[in-house]
Amino acid sequence: MKVLVPVKRVIDFNVAVRVKADRTGVDLANVKMSINPFDEIAVEEAVRQKEKGKISEIVAVTIGPAAAQETLRTALAMGADRAILVRHDAELEPLAVAKTLKAICDQEQPGLVILGKQAIDDDCNQVGQMLAALLAWPQGTFAAQLEIQADRAQVTREVDGGLQTVEVKLPAVVTTDLRLNEPRYASLPNIMKARKKPIQEKTMSDYGVDPAPRLKVLEVTAPEKRRSGARVGSAAELVAKLKDRGVI
Ligand code: AMP
């Protein structure tokens, strides 16, 4: 069985994001970019399932600028077999991403798509669900555990106060939650090997998808700066201060 793993290039999670002065978005100039952490978990899961003999081929795909090749190389170094880069230089909305992935699924016919539950740049949490709807495939979202058995998969999901296990018939879409696994570091030999693995380059028009945005971002603002704290001498003084400020 073939698995498709969509991966997105996003601002590295350690970077303190700066909002542009004109409030139209965030500053991406000279900022470290990395594979979306949930997508790294998706690649790791695909590699582990391949190691268990449950799947035979892992295809990583990204839709983004030329520099997104690096993101694909990360996935290839972790163990993906080949990759597809769909070149697109402007911002994309989840629906256009999902439509492109649907077209790729029509061509590649994977038995499973494993995506991140959300991209940490715009926190949309939409692509996996939209893709499942476009394909009319079942979905198991926010997976904390994945068991593949012949033509079915069991997805254990973390829900409020416990776990829920659902069974989906393959082909299906699964999105990854934080506790599914701990991604491996790619070894140097695997990073070298990844350089030789094939990356196929495509454009969105190859898949007949219109990338035009349907939403307009009106404004992006930075969170308010935290005010400095103050020490109080006693609980009574704290209560008095809170009452004074109308907090209690
Ligand atoms: P989102 O719905 O935008 O939060 O993204 C959910 C998941 O969809 C991500 O974790 C990725 O697996 C996938 N995804 C989103 N955007 C892209 C992209 N441009 N290229 C490849 N995969 C993407």
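An account of the accompanying structure is given in this report. Since the model is a prediction, treat every value here as computed from it, not as a measurement. (Residues numbered from 1 in each chain as written. Predicted model: local features only at pLDDT ≥ 70, side-chain atom pairs only at ≥ 80, totals over all residues. Heavy atoms only, no water.)

### What to know about the overall build of the protein chain
Here is step 1 of the chain: Counting secondary structure elements, the protein chain contains six helices and eleven strands.
Here is step 2 of the chain: When its C-alpha atoms are laid out on the principal axes, the protein chain stretches across 65 × 45 × 40 Å.
Here is step 3 of the chain: Relative to all contacts within the protein chain whose residues are 6 or more apart in sequence, the contacts with residues 24 or more apart total 70%.
Here is step 4 of the chain: Split by element, the accessible area of the protein chain, about 14,300 Å² in all, is 51% carbon and sulfur.
Here is step 5 of the chain: One way to put it: in the protein chain the 36 positive side-chain charges average out to a point 2 Å from where the 33 negative ones average out. (Helix = DSSP H or I, 4+ residues; strand = E, 2+ residues; numbered from the N terminus. Contact = heavy atoms within 4.5 Å. Areas by Shrake-Rupley, 256 points an atom, 1.4 Å probe, with all protein chains shown as cover. Lys, Arg positive; Asp, Glu negative; His and termini not counted. Charge placed at Lys NZ, Arg CZ, Asp CG, Glu CD.)

### Things to note about the environment of Lys169
Here is step 1 of the chain: With respect to the helices, strands and loops of the structure, Lys169 is situated in strand S9 (residues 162–169).
Here is step 2 of the chain: With relative accessibility at 44%, the residue Lys169 sits in the partly exposed group.
Here is step 3 of the chain: Taking the C-alpha atoms as reference, Lys169 lies 31 Å from Pro211; in sequence the two are 42 residues apart.
Here is step 4 of the chain: Not counting residues up to four positions away in its chain, the partners in contact with Lys169 are Pro138, Asp151 and Arg152. (Buried < 20%, exposed > 50% of the residue type's maximum accessible area, 1.4 Å probe, protein only.)

### Brief notes about the layout of surface pockets
Once rolled over the atoms, a probe with the size of a water molecule shows which space is left empty.
Here is step 1 of the chain: For the second largest pocket, the calculated volume is near 370 Å³.
Here is step 2 of the chain: Secondary structure elements with two or more residues in the lining of the second largest pocket: strand S3 (33–35), helix H1 (37–51) and helix H2 (69–78).
Here is step 3 of the chain: Per-element accounting of the lining of the second largest pocket gives the leading share, three residues, to H2. (1 Å grid on protein atoms, 1.4 Å probe; cavity = no way out; pocket = protein on both sides within 12 Å on 5 of 7 lines; lining within 4 Å. Points joined across faces, edges and corners; volume = space filled by probe spheres on them.)

### A word on empty space enclosed by the protein
Here is step 1 of the chain: Applying the stated rule across the entire model yields two cavities of 30 Å³ or more.
Here is step 2 of the chain: Looking at the largest cavity, its volume works out to about 60 Å³.
Here is step 3 of the chain: What lines the largest cavity is Glu93, Leu95, Ala96, Lys99, Val209, Asp210, Pro211, Ala212 and Arg214.
Here is step 4 of the chain: Residues of the lining of the largest cavity, tallied by class, amount to five nonpolar, no polar and four charged.
Here is step 5 of the chain: By volume, the second largest cavity amounts to about 30 Å³.
Here is step 6 of the chain: As for the second largest cavity, its lining consists of Ile11, Val15, Ala16, Val17, Arg18, Asp27 and Val31.
Here is step 7 of the chain: Here the residues of the lining of the second largest cavity sort into five nonpolar, no polar and two charged. (Nonpolar A, V, L, I, M, F, W, Y, C, P; charged D, E, K, R; others polar.)

### So, the site of the ligand
Here is step 1 of the chain: As a structural note, the neighbourhood of the ligand is formed by 17 residues, with Asp39, Ala119, Asn125, Gln126 and Val127 the closest of them.
Here is step 2 of the chain: In this structure, Asp39 approaches the ligand through a side-chain N or O atom, which is 2.5 Å from an oxygen atom.
Here is step 3 of the chain: A distance of 2.6 Å separates an oxygen atom of the ligand from a polar backbone atom of Gln126.
Here is step 4 of the chain: Protein chains shield 98% of the accessible area of the ligand, which is 480 Å² for the free molecule.
Here is step 5 of the chain: Elements that contribute at least two residues to the shell around the ligand include exactly strand S4 (57–64) and strand S6 (112–116). (Near = heavy atom within 4 Å. Polar contact = N/O pair within 3.5 Å; in protein donor to acceptor, adjacent residues only side chain to side chain.)

### Digging into the packing of aromatic side chains
Each pair of aromatic rings is reported with the distance of its centres and the angle of its planes.
Here is step 1 of the chain: Taken as a whole, this structure holds zero aromatic pairs when the rule is applied.
Here is step 2 of the chain: The ring of Phe142 has Lys117 sitting right over it, with the charged end atom 5.1 Å from the ring centre. (Phe/Tyr/Trp six-rings, centres within 6.5 Å; stacked < 30°, edge-to-face > 60°. Lys NZ or Arg CZ within 6 Å of the ring centre and 35° of its normal.)

### Concerning the environment of Val127
Here is step 1 of the chain: Position of Val127 relative to the elements: it lies in helix H4 (residues 127–135).
Here is step 2 of the chain: Each C-alpha atom of the pair Val127 and Asn30 lies 27 Å from the other, and the pair is 97 residues apart in sequence.
Here is step 3 of the chain: In this structure, Val127 is in contact with Pro94, Val97, Ala98, Leu101 and Leu115, ignoring residues within four places of it in sequence.

### Regarding the packing of helix H3 (residues 94–108) against H4
Here is step 1 of the chain: Closest axis-to-axis distance for the H3/H4 pair is 9 Å, and the angle between their directions is 45 degrees. When the axis of H3 is compared with that of H4, the two are oblique. The handedness of the crossing between H3 and H4 is right-handed. Contact residues: Pro94, Leu95, Val97, Ala98, Lys99, Leu101, Lys102, Cys105 and Asp106 in H3; Val127, Met130, Leu131, Leu134 and Leu135 in H4. (Axes fitted to C-alpha atoms, helices over the stretch in contact; angles between N-to-C directions. Parallel < 35°, antiparallel > 145°, perpendicular 65-115°, else oblique. Left-handed = near helix turned anticlockwise from the far one by under 90°.)

### Topic: a nonpolar patch on the surface
Here is step 1 of the chain: Nonpolar side chains collect at one region of the surface, where Leu188, Ile191 and Met192 lie side by side and expose about 280 Å² of accessible area between them.
Here is step 2 of the chain: The exposure class of Met192 is partly exposed, given its relative accessible area of 42%. (Patch = residues over 30% accessible without salt bridge, like charges linked within 9 Å, V, L, I, M, F, W, Y side chains within 5 Å. Salt bridge = Lys/Arg side-chain N within 4 Å of Asp/Glu carboxyl O.)

### Points about unusual backbone geometry
Here is step 1 of the chain: Following Leu170, the chain continues to Pro171 via a peptide bond in cis, the omega torsion being 5 degrees.
Here is step 2 of the chain: With phi around 60 degrees, Ala136 is a residue other than glycine that occupies positive phi space.
Here is step 3 of the chain: Note on placement: Ala136 falls in the loop between H4 and strand S7 (139–149).
Here is step 4 of the chain: Not every positive phi belongs to a glycine, and Phe142 is a case in point at roughly 55 degrees.
Here is step 5 of the chain: With respect to the element layout, Phe142 can be found in strand S7.
Here is step 6 of the chain: The class for Phe142 is partly exposed, based on a relative accessible area of 24%.

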